[in-house]
Each structure stands twice: as C-alpha cells, then as structure tokens.
Amino acid sequence: ESAYHAAKVRLRKDAYADAAEKFQRAVEQFRGCSWEAETRYDLGVSLWKADRLEQAFDAFRDLREAFPNHDLSADALHAQAGIEHRRKRFDESARLAREFVQRYGQHKLTSAAAFLVAESEFLAGRSAEAIDEFRAFLARFPSDARAVDARSRLGAALYRTGKLDEAEPFLRDTGPV
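Here's a quick rundown of the structure.

Calculation rules
- Residues numbered from 1 in each chain as written.
- Predicted model: local features only at pLDDT ≥ 70, side-chain atom pairs only at ≥ 80, totals over all residues.
- Heavy atoms only, no water.
- Helix = DSSP H or I, 4+ residues; strand = E, 2+ residues; numbered from the N terminus.
- Buried < 20%, exposed > 50% of the residue type's maximum accessible area, 1.4 Å probe, protein only.
- Areas by Shrake-Rupley, 256 points an atom, 1.4 Å probe, with all protein chains shown as cover.
- Lys, Arg positive; Asp, Glu negative; His and termini not counted.
- Charge placed at Lys NZ, Arg CZ, Asp CG, Glu CD.
- Axes fitted to C-alpha atoms, helices over the stretch in contact; angles between N-to-C directions.
- Parallel < 35°, antiparallel > 145°, perpendicular 65-115°, else oblique.
- Left-handed = near helix turned anticlockwise from the far one by under 90°.
- Contact = heavy atoms within 4.5 Å.
- Core = buried A, V, L, I, M, F, W, Y, C linked by side-chain atoms within 4.5 Å.
- Phe/Tyr/Trp six-rings, centres within 6.5 Å; stacked < 30°, edge-to-face > 60°.
- Lys NZ or Arg CZ within 6 Å of the ring centre and 35° of its normal.

Observations concerning the overall build of the chain
Consideration 1: Across its full length, the chain carries 10 helices and 0 strands.
Consideration 2: Starting at the N terminus, the α and β elements of the chain follow one another as α-α-α-α-α-α-α-α-α-α.
Consideration 3: A total of 177 residues make up the chain; the buried ones form 49% of that total.
Consideration 4: Here the chain has roughly 9200 Å² of accessible surface; of this, 48% comes from carbon and sulfur atoms.
Consideration 5: Distance between charge centroids for the chain: 2 Å, based on 29 positive and 30 negative side chains.

Next up, the structure:
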C-alpha cells in the first residue's frame, strides 16, 4: 500500500495528524510524478484540519509555487486566504482572497472568496471597504447561501459609519447583528 493511499485512509478517518505525516512521506515518494500536486494539496488539507495552520499555509504555498497552472493551485490559494482569516490576519486574508477573485473569476470558489474579502475588511474594521465589498458580492452573487450574512454585515458596516437610514433595511431584514 502506497504512502498516498495510507494517508487518504487516515484523512477519511479524521486522523489528520497521522494523515499529514503520511502525506509528507508521499510528497517525497511522488516528487516529479503526476500525483505530486494532489499529494501536496492533501498534505495542506490534513495539516489545516490538524490545526497546524502555519505548516498548512506553507504546504499550500509550496503547491502553488511548484504547480502554478494546476487546477489545485486555485484551491490552494483559497485555502491560504481561509487560513489567514482563521489566524485573524485579515489584511493578508483580504489580499489573498482578492487575488483569488481576480485570478479565478469563474471558479467554483469565487463567491466564497468574494465573501471572504468583504468579511476580512469588515473584521479588520475597515467599514467603508467592507461596504463596497459586500455590495459587490450581493450584486454578483445575490442567490448565494452567504447572501443573508452579507446583507447583515453590510447593514452593520453602514451602521458603524453612521449611515443609519441605509443600514436599517438590511438590519430589519436580517435581524439582530
């Protein structure tokens, strides 16, 4: 049984730290072969789920550097933005998510990245930027599952900036923030 398949089994069983160790060995085993990008991505995922965020971020970065044109490079960039958001590094989260939206505008994760840009701006306390980003998100993705949260956050950002009349319909529609 290859290190990769053993790691996949551990990942499916939620044994993330063990999976990460096995994926690390598999990265070395598959260096230069067609499975290397997938193995690097799975390494990043298992590290993230094991709450080893710095190592996960680095694994995703390494994937993007080694395989800049691979489909998983987009997913790795999105994961990096999410990791930075989780670490409360909102400037970097917004920058990476914005890069994702600009580079991969039609990707399946574009709406999630666009929301992450707006949410990062909001949590960083940049209400004016958050207002612009939430409005852009709602204009582009009005039916997205995150639209209710975006409307609520937009109302809160408008309220923060003293635009009470503009905030009121968003806050009324979504309830307390």
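As for unusual backbone geometry
Consideration 1: The phi dihedral of Asp14 falls on the positive side, at around 65°, and the residue is not glycine.
Consideration 2: Structurally, Asp14 is set in the loop between helix H1 (3–12) and helix H2 (16–29).
Consideration 3: Even without a glycine there, the phi angle at Lys88 is positive, about 65°.
Consideration 4: Considering the arrangement of structural elements, one finds Lys88 in the loop between helix H5 (71–86) and helix H6 (90–103).
Consideration 5: On the basis of relative accessible area, Lys88 is assigned to the exposed category, the value being 62%.

Here's the deal with the packing of helix H4 (residues 53–66) against H5
Consideration 1: As a packed pair, H4 and H5 sit with axes 9 Å apart at the nearest point and diverge in direction by 155°. Considering the angle they form, H4 stands roughly antiparallel to H5. In terms of crossing hand, the pair formed by H4 and H5 is left-handed. Contacts between H4 and H5 involve Leu53, Ala56, Phe57, Phe60, Arg61, Leu63 and Arg64 from the former and Leu72, Ser73, Ala76, Leu77, Ala79, Gln80, Ile83, Glu84 and Arg86 from the latter.

A look at the packing of H1 against H2
Consideration 1: Running from N to C, H1 and H2 point in directions that differ by 160°, and their axes come no closer than 8 Å. When the axis of H1 is compared with that of H2, the two are roughly antiparallel. In the crossing of H1 with H2, the sense of the turn from one axis to the other is left-handed. Across the interface between the two elements, Ala3, Tyr4, Ala6, Ala7, Lys8, Arg10 and Leu11 from H1 touch Tyr16, Asp18, Ala19, Lys22, Phe23, Arg25, Ala26 and Gln29 from H2.

Quick look at the nonpolar core
Consideration 1: With 55 residues, the main nonpolar core has Phe23, Leu43, Phe60, Phe134, Phe137 and Leu154 as its most contacted residues.
Consideration 2: In this structure, Leu43 is in contact with Ala20, Phe23, Gln24, Val27 and Ala59, ignoring residues within four places of it in sequence.

Re the packing of aromatic side chains
Each aromatic ring pair is summarised here by two numbers: the centre-to-centre distance and the angle between the ring planes.
Consideration 1: For the coordinates displayed, the defined rule picks out 9 aromatic pairs.
Consideration 2: On the basis of an interplanar angle of 65° and a centroid distance of 5.8 Å, the ring pair of Tyr4 and Phe23 is categorised as edge-to-face. Of this pair, Tyr4 sits in helix H1 while Phe23 sits in helix H2; the two residues are 19 residues apart in sequence, bridging distant segments of the chain.
Consideration 3: Taking relative accessible area as the criterion, Tyr4 reaches 6% and is therefore assigned buried.
Consideration 4: Phe23 sits in the buried class, given a relative accessible area of 0%.
Consideration 5: Centre to centre, the rings of Phe137 and Phe141 are 5.5 Å apart; their planes meet at 40°, and the pair counts as tilted.
Consideration 6: In this structure an aromatic cluster arises from ring pairing among Phe115, Phe122, Phe134, Phe137 and Phe141.
Consideration 7: Between Arg160 and the ring centre of Phe122, over which it is positioned, the NZ or CZ distance is 3.9 Å.

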